[in-house]
Amino acid sequence: MEKYNKPVPETWQELTDTAAFIQNAERQAGNTNIWGFVFQGRAYEGLTCNALEWLASHGGGTIVDTDGKVTVNNPNAVQALREAASWVGSITPEGVLNYAEEEARGVFQSGNAVFMRNWPYCWALAQQEASPVMGKIGILPVPKGGDGEKSTGALGGWGMAVSRYSKNIDVATDLLFYLTGREGQKKFSILGTYTPSIVKLFDDPDINQANPVAILDVFMNAVPRPSAVTGSKYNRVSSEFYNAVHQVLSKSATPEDALKTLEANLRRVGRGGWR
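Worth saying up front: this structure is predicted, and the values here are computed from it rather than measured.

Draft legend 1. Inspection of the pattern of salt bridges at higher detail. In this structure the tally under the stated criterion is nine salt bridges. Where E103 meets R42, a salt bridge forms, and the shortest distance between an N and an O atom there is 3.3 Å. Of this pair, E103 sits in helix α4 (residues 101-109) while R42 sits in the loop between β1 (35-38) and α2 (45-57); the two residues are 61 residues apart in sequence, bridging distant segments of the chain. Each of K186, D204 and D206 takes part in salt bridges that share partners, so that together they form one network.

Okay, here's the thing in structure tokens:
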């Protein structure tokens, strides 16, 4: 981006234009392996996260709202998916349709992608001494759909638990409380560039120096997947969603048709209540 004097994109359209410009310029200069943008496009939970960001950042909702209403079939969601589908084969390799986190990271970390959407752990790996892109990359918030919209990333997370069959429940529980406490989260944030869940840690100078991914505004504006409202049926909701999105990305369905069918399917899944 410095080479071509391009500013940090704030909208998806700006990212699309910048990615296309740099990709084309680099290819004309002989770098035939370069792509503009990589992400997780396989039909799995990672695509749910990506597509939820596309929808939310375009004002297209959260698939199922907090009242349990299926809201995914709307014009803003159509626009978001149409834009995403336009990337595949242009600024994004068609192979993205089978990319999970590591496939996307492999392309980006080898220096063959201008932009990548991924999780915070990638920063630590990309900045290792053997990485071709060490010291050459930056972090930016997920772009917004346009004027009046906001940047919002999918709220990720991972949990720890103690097996009831453990022979050392007390010790294991002590370890769990340490790892999820302030000191444990600080170590994870510094060494693995994980985002802490304790708000006060975002002001920790050691974390701020080591982990540029720990941005409080991004954390506070994140969009959760609709697992709380859909409860035990969430896996089915997510499966219906990412399969519909995958059809759009692979050009086997239009955004309008895919979202119409998805709405009907989700209504059937939620018939009788989400719980």
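Draft legend 2. Structural view of the nonpolar core. W54 and V72 are the most contacted members of the largest nonpolar core, which totals 51 residues. Excluding anything up to four places from it in sequence, W54 contacts W12, F39, L47, A80, L81, A84, W87, V245 and L249.

Draft legend 3. How the structure looks around the packing of aromatic side chains. Considering all chains together, one arrives at ten aromatic pairs under this definition. With a centroid separation of 5.3 Å and 40° between ring planes, the pair formed by W12 and W87 is classed as tilted. Here W12 is found in helix α1 (residues 12-28), whereas its partner W87 is found in helix α3 (residues 75-87), with 75 residues between them in sequence. Like W87, W12 is buried. Between W54 and W87, the aromatic rings sit 5.6 Å apart at their centres with planes inclined by 85°, giving edge-to-face as the arrangement. With W54 in helix α2 and W87 in helix α3, the pair connects residues that are 33 residues apart, well separated along the chain. Judged by its relative accessible area of 1%, W54 is buried.

Calculation notes
- Residues numbered from 1 in each chain as written.
- Predicted model: local features only at pLDDT ≥ 70, side-chain atom pairs only at ≥ 80, totals over all residues.
- Heavy atoms only, no water.
- Salt bridge = Lys/Arg side-chain N within 4 Å of Asp/Glu carboxyl O.
- Helix = DSSP H or I, 4+ residues; strand = E, 2+ residues; numbered from the N terminus.
- Core = buried A, V, L, I, M, F, W, Y, C linked by side-chain atoms within 4.5 Å.
- Buried < 20%, exposed > 50% of the residue type's maximum accessible area, 1.4 Å probe, protein only.
- Contact = heavy atoms within 4.5 Å.
- Phe/Tyr/Trp six-rings, centres within 6.5 Å; stacked < 30°, edge-to-face > 60°.

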